[in-house]
Amino acid sequence: MKKSLFLFILLSLLVLGGSAVAAGLKARSEADPKDLFNPVPAADDIALPMPCNLSLIFKAIEVPAKGFLWDMSFNMGNDTTNRPGMEYYDRRFATSIAAPFAANDLPKAWQSALPADPKVPFFYYLMGKYEISEAQWQAVMENTCPAPSEQASRPKANISWYDAQAFTQRYNQWLLDNAPDQLPHFAGDDKNIGSTRLPTEAEWEYAARGGSRVPQEVLRQEELYPLAEGETLADYAVFRPDGAAAVQEHPLRIGSRRANPLGLYDMAGNVAEMAQDAFRFSLGGRLHGSSGGFVRKGGGFLSSNAEIMPGRREEVAFFNSRGAVSTSDMGLRLVLSGINSPGGTRTETLMEEWKRIGESTTLAEPGANPLQEIDRLLGMNPDATSKENLTRLRAMLKDHNVALERQRTTAAEGLIRTILYLSETVRNYGVRRDIAYRHVKEISELLPVAKRKKAPELPAMENALKEFSSAQQEMLLAMDSAVNFYKSKLEETAQYPAEVIDYNFNLVANELKQDNLLAKNMRQNLSMFAVHLKRLRAGQTADLSKNRLLKDILPDTLKKGLKL
């Protein structure tokens, strides 16, 4: 019987666990010209031309937002710094991310490569797929065209922050002179265009962590995006592992490791990458006010495990006593971005968004909108002092409403995620109850025979029956509690406007496209939540009873022995 129990539990774990086999890394030809700029082509690559018939390859980084005046909050930094006593360097802090391009701001040839879900409004910036290679640097800065080689395909290093600025300036001018039609343009604006620059720290870290391709709870809390079973950091980064005897002598060619969830290579290791903005300490969950040197991110081939984490922050001096600072393990990666306030139709769009944002009557008591009351008073042509005071009060209330609107949207997102994990909790309790139920049934069937034969294992069997029966009852109570909590959270969604819940529903659905067991389960949970939400909105309370919810959430294989 012990063998039967062991095999049953082992089989249960295998069915629930799954496995993944990491794919091997593909070796590249030493003489392939694409090694200089795109050694691992993909269908969603976005390319800008460069001198010498090279290209600069980008990936579109999508940021979910309701509009240009909306942004997405996330946490940068990390909680596991290996610099005891210096946590002010890179402790987690709250920030936000947004992007300047709508889909129609980008060239039509690029729009098919945008990772957009039509149900989720996205805005975009473009991140370099690779670090800038030696060949790309020489083509722009030295006007020479190197032949394919190991050296030419390595990331450019030993350059200063000022060298990086000079590179972007010269490359942007080359694009204007040679390929202006291939750059993003804004509708109705013949002056402003997209241009390349170094990424901000927030743009860099959002992309390095996986952006919208990982669940928000991972983006906001974990140190790194999830690795598949059998994978290690060495599959994604060229670095110096802790305890390694040998030290890498130079960076490897671009794209020599696996890509992160956004299809970006070498975001960890190889060479550290410069950010556009200045370094500030992280204190009390925010950035300190003093701007120092510039930020470098991602670590390089000489860095340790901790130093290549996305949240790691390093301050580098722009200048020291020897001049502009450069190192053998620091290079650059570019972003393609644009101005936040271009002319043309964007001006009208921004004005319309500002008129709408924070004006909803749902932020106040029903039938009482303070902003409308202030507008009524302003319409009565008060004296100059009263008008100034009312206008100032209106601006204060609008700012307050904008903050409330953002908080409400964030709370609704968290509510949906809670509901999905509660479904998972109910199912997990169901698995444990089912295991106990099967063992109770198995022992109960064997017990009469053992009693007749007065088998020596009879006391152990009776004790096991008692323990499994108790475990089964505990799991039933736990399931009951979890379903009640699920129902309470489901009913809580009725407190939010339908458009807020629907927006966040689509936002979460967009994240759950990964090919892993958790994402698959969460997609099932989200589909079931959609069914329950529809019943709730239709007032079908009878179809939201505890037993009906449990029947919906549990698969048929876990319903044996339950009275549903």
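The coordinates are above.
Residues numbered from 1 in each chain as written. Predicted model: local features only at pLDDT ≥ 70, side-chain atom pairs only at ≥ 80, totals over all residues. Heavy atoms only, no water.

Engineer: Would you explain the side chain of Arg 346 in this entry?
Structural biologist: Turning to its location among the elements, Arg 346 is positioned in helix 7 (residues 345–356). The class of Arg 346 is buried, set by a relative accessible area of 5%. Here Arg 346 is in contact with Phe 68, Pro 100, Ala 102, Asp 105, Phe 186, Ile 339 and Asn 340, once residues within four sequence places are set aside. (Helix = DSSP H or I, 4+ residues; strand = E, 2+ residues; numbered from the N terminus. Buried < 20%, exposed > 50% of the residue type's maximum accessible area, 1.4 Å probe, protein only. Contact = heavy atoms within 4.5 Å.)

Engineer: Explanation requested: the sheet that holds strand 17 (residues 335–337) in the structure shown.
Structural biologist: By definition, the strands of a sheet pair up through backbone hydrogen bonds, in either a parallel or an antiparallel sense. Read across the open sheet, the 5 strands follow the order 1-2-5-17-8; overall the sheet is antiparallel. Single-partner strands in this sheet number two, and they are strand 1 (46–49) and strand 8 (195–197). Adjacent strand axes in the sheet meet at a mean angle of 40 degrees when their direction is disregarded. Both strand 8 and strand 17 contribute to a ladder of 3 bridges, which runs antiparallel. Of the residues in strand 17, the one forming a bridge with Thr 196 is Leu 336. (Pairing = 2+ DSSP bridges. Axes fitted to C-alpha atoms, helices over the stretch in contact; angles between N-to-C directions.)

Engineer: Just to check I follow, could you spell out the packing of helix 9 (residues 384–452) against helix 11 (residues 498–511) for this structure?
Structural biologist: If you want to describe how two helices pack, look at the angle between their axes and the distance between the axes. Remark: helix 9 packs on helix 11, axes separated minimally by 9 Å, with the N-to-C direction vectors making an angle of 55 degrees. Regarding the angle of helix 9 to helix 11, the classification is oblique. Both helix 9 and helix 11 take part in a crossing whose hand is right-handed. Residues Arg 408, Thr 409, Ala 412, Glu 413, Ile 416, Arg 417 and Leu 420 of helix 9 form the contact with helix 11, whose participating residues are Val 500, Ile 501, Tyr 503, Asn 504, Phe 505, Leu 507, Val 508 and Glu 511. Split by residue class, the contact of helix 9 with helix 11 holds 9 nonpolar, 2 polar and 4 charged. (Parallel < 35°, antiparallel > 145°, perpendicular 65-115°, else oblique. Left-handed = near helix turned anticlockwise from the far one by under 90°. Nonpolar A, V, L, I, M, F, W, Y, C, P; charged D, E, K, R; others polar.)

Engineer: Just checking my understanding: could you explain the nonpolar core for this structure?
Structural biologist: Of all hydrophobic cores here, the largest spans 46 residues; its most connected members are Leu 48, Leu 126, Phe 167, Tyr 171, Met 274, Leu 332 and Leu 334. Breaking this core down by element, the ones donating at least two residues are strand 1, strand 2 (55–64), strand 5 (122–128), helix 3 (134–142) and helix 4 (161–178). The greatest single-element share of this core, amounting to 5 residues, is contributed by helix 4. When residues no more than four places from it in sequence are discounted, the contact partners of Met 274 are Ile 159, Ser 160, Trp 161, Ala 164, Leu 198, Pro 199, Phe 294, Val 295, Arg 296, Met 330 and Gly 331. Membership of the second largest hydrophobic core comes to 38 residues, among which are Ile 61, Phe 74, Met 127 and Leu 219. (Core = buried A, V, L, I, M, F, W, Y, C linked by side-chain atoms within 4.5 Å.)

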